[in-house]
Structures are given as C-alpha cells and as structure tokens.
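# Descriptive analysis of the structure
Here's the letter readout for the chains.
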Amino acid sequence: MSGWLVIAGLGPGDPELITPEVQHALDAATDVVGYGPYVARVAKRDGLRLHPSDNRVEIDRSRHALEMTAEGRRVVVVSSGDPGVFAMAAAVFEAVEAGPTDWRTLDIRVAPGITAMLAAAARVGAPLGHDFCAINLSDNLKPWSLIERRLRLAVEADFAMAFYNPRSKARPEGFGKALALLKEICATDRLIVFAQAVSTPDEDIRVVPLVQATAEMADMRTMVLVGASNTRLIPRDGAPIVYTPRSVGA
Ligand code: SAH
C-alpha cells in the first residue's frame, strides 16, 4: 500500500467551512496528526488513529507524519484555517528538506482552508478589498524589531493589514506596543476590526476607530484587521459594513 500525506486546513471553526477536498482526505485517512485542539475537531471513527500533540512541537510532529507516510499510512496533518498561513505546511517542508532524501519521493499535497483573516473580513464586509498584507504579531519565531519594521513599512505603503496571533498570555505586551505604534503614525479614525473566534459559538466582532482600540480587545482567538487610510464604514441598524474601495487615486 502506498501512503500519502495531506497537509490540510480545517478553516476557522465552523464545520460548514471545511472544504470538500479536506473532508475527503479526512474520510480516507488512517492517521490524523496535529495540535490537540485541532485534532479534536476531527470526527472519531473506526480505523482512524488520532495523534494530538502540544503546541510548538511542529517539527517533531512533521517528522512523525512523514515517517508514517513512508510506512504506507494515509496521513492528514491538520491546521486551523489554511495550513500555509502561519501553520503546519511550512513546518512539514522544513522537515522534508532536513530529512532523508527518500522523503522527497513521498506523495505530499497541501489542501487549502479558509484562513482566519478571510473569515473575519467576510463578517464585516470587504476590509481587504484592495491591497493588504498579513503579519504574525508573535515574536516566537522572529525578533520584535522585525515586526515593528514591517508594521511601519506596511503603514507607509498604506496596506490594509491582518494581524494573526495578536496577543497571548505568554506575550501580553506585544500587541499594546503595535497599537501604540499605529496610534503614533495613523489618523485617529483609522478603522480597526477585532474579530474573535469567528465562525464559532463564541464569535464576537467589534469595529472601532483606532483612538478607541485597546490591547485588551484582542486575545489569541482574535484576528485584528486594520483598514487602509481610505477604508470606509457604512453605518446602519445593527453591525456596520466596513469596506476598502477597489480603486485608489487613479
Ligand atoms: N493557519 C491559521 C492561522 C494560525 S495562527 C489560519 O490560516 O487561520 C493562529 C491565529 O489565527 C490566532 O491567534 C488568531 O489570530 C487567528 N485565528 C485562528 N482562528 C480564528 C478564528 N476562528 N477567529 C479569529 N481569529 C482566528
């Protein structure tokens, strides 16, 4: 039996947002590997082995998945959202590059998922409707000085921005520093979207001008979207619409 490895994205939370391609891979798998809370989202069934692991052991987890694939098992590595966005796909390829050359002959595919920034953007309208960038605010894997430099340059280039991993218990101060920087260089009415636990029962969406944004509005389950200078808000009964026009200046 020849094994395969699918590195799959489970989307932001709602099972409706799992793609049919990912569901087919899960249905055909013998093994599912990933961070515990994500593996817990996969339905148990006979013949399917679940291998939950801790956070921050991405390379060990990747090697384990590759070893099982080489033994002929059908393995799905799961990430939330999209596996290529601050997630497992790059970790698996890092393990492939550093591993035995045999691993390069394995059948490895990436099955995309709906990443949190797109799920969050869809909730409020189209804040990423023009040019934008995505920044991981965690300084676990890069120095804070680089995050700050990228933030400054993104503001200078007038991108809308999507912040992943804005704040955690282990890193309580980083997002506050990022907000302070934005307050220093952007207008006070710059639109900020805090989209928490999108597409789960705990979903909570808030839209505020930069001047009202505080660090406590974000946690590890929050996507923070920062509008570009021309991002607009349409007030209406209930939640407002936020969108960035498709054209600038012409
Ligand atoms: N691969 C994932 C991102 C992993 S980084 C993806 O493509 O979505 C983890 C960060 O993603 C979290 O700290 C949070 O900022 C964001 N995130 C993931 N799921 C989310 C959700 N349902 N709602 C809001 N933000 C989410």
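Refer to the preceding data block for the structure.
Residues numbered from 1 in each chain as written. Predicted model: local features only at pLDDT ≥ 70, side-chain atom pairs only at ≥ 80, totals over all residues. Heavy atoms only, no water.

## A look at the pairing of strand β7 (residues 132–136)
Convention followed: Think of it this way: DSSP has to see at least two bridges between two strands before they count as a pair. Strands here mean DSSP runs of E at least two residues long; helices mean DSSP runs of H or I at least four residues long; both are numbered from the N terminus. Orient the strands so they point away from the viewer, and a crossover whose first-strand-to-second-strand path over the helix runs clockwise is right-handed.
Bridge count between β7 and strand β8 (residues 160–164): five bridges; the pairing is parallel. Its bridge partner lying in β8, Cys133 is registered against Met161. Taking the sense of rotation as the criterion, the β-α-β connection linking β7, helix α6 (residues 144–156) and β8 turns out right-handed.

## Section: the site of the ligand
Put simply, the test is: Residues are counted as near a molecule or strand when any one of their heavy atoms sits within 4 Å of it. Two N or O atoms form a polar contact when they lie within 3.5 Å of each other; inside protein one atom must be a possible hydrogen donor and the other a possible acceptor, and for residues adjacent in sequence the pair counts only when both atoms belong to side chains. Areas reported here follow the Shrake-Rupley algorithm with a probe of radius 1.4 Å; residue values treat only the protein chains shown as occluding. All residues other than Ala, Val, Leu, Ile, Met, Phe, Trp, Tyr, Cys, Pro, Asp, Glu, Lys and Arg, Gly among them, are scored as polar; the first ten of these are nonpolar and the last four charged. All the domain ranges listed were derived from an automatic or database domain assignment.
As a structural note, the neighbourhood of the ligand is formed by 19 residues, with Asp82, Val85, Thr115, Met220 and Thr222 the closest of them. Between the ligand and Ala197 there is a distance of 3.5 Å, counted from a nitrogen atom to a backbone nitrogen or oxygen. Contact with the protein chains removes 92% of the 550 Å² of surface that the ligand exposes when unbound. Counted by class, the shell around the ligand contains 12 nonpolar, five polar and two charged residues. Three or more residues apiece are contributed to the shell around the ligand by two domains, here domain 1 (4–114) and domain 2 (117–243).

## Digging into the packing of aromatic side chains
Inclusion rule: For this analysis, a ring pair means two rings from Phe, Tyr or Trp (six-membered ring only for Trp) whose centres lie within 6.5 Å, classed as stacked if their planes differ by under 30 degrees, edge-to-face if by over 60, and tilted for the remaining angles. Each residue is placed in one exposure class: buried if its accessible area under a 1.4 Å probe, protein chains only, is under 20% of its type's maximum, exposed if it is over 50%, and partly exposed if it falls in between. Whether a charge sits over a ring comes down to the Lys NZ or Arg CZ being within 6 Å of the ring centre and within 35 degrees of the ring normal.
Across all of its chains, the model carries three aromatic pairs by this definition. Ring geometry for Phe175 and Phe194: centres 6.2 Å apart, planes at 85°, overall edge-to-face. Taken together, the residues span a long stretch of sequence, with Phe175 in helix α7 (residues 174–185) and Phe194 in strand β9 (residues 191–196) at a distance of 19 residues. The residues Phe175 and Phe194 share a single accessibility class, namely buried. We note Arg109 situated over the ring of Trp4; from NZ or CZ to the ring centre the distance is 5.6 Å.

## Comments concerning the sheet that holds β8
Inclusion rule: Whenever a helix is involved, its axis is fitted only over the stretch in contact; in every case the axis is a line through C-alpha atoms, and angles between N-to-C directions fall within 0 to 180 degrees. Any pair of residues with heavy atoms lying within 4.5 Å of one another is described as a contacting pair.
The mixed open sheet is built from five strands, whose spatial order is β7-β8-β11-β9-β10. The open sheet has two free edges, formed respectively by β7 and β10 (204–209), since each of these has just one partner strand. Taking each pair of neighbouring strands and ignoring which way they run, the sheet shows an average axis angle of 15°. Here β8 runs beside strand β11 (residues 222–226); their pairing, made up of three bridges, is antiparallel. Across the sheet, residue Met161 finds its bridge partner in β11, namely Val226. Where helix α5 (residues 116–124) meets the sheet, its contacts fall on β7, β8, β9, β10 and β11, and the angle it forms with β11 comes to roughly 65°. Contacting β8, β9 and β11, α7 crosses the sheet at an angle of about 170° to β8.

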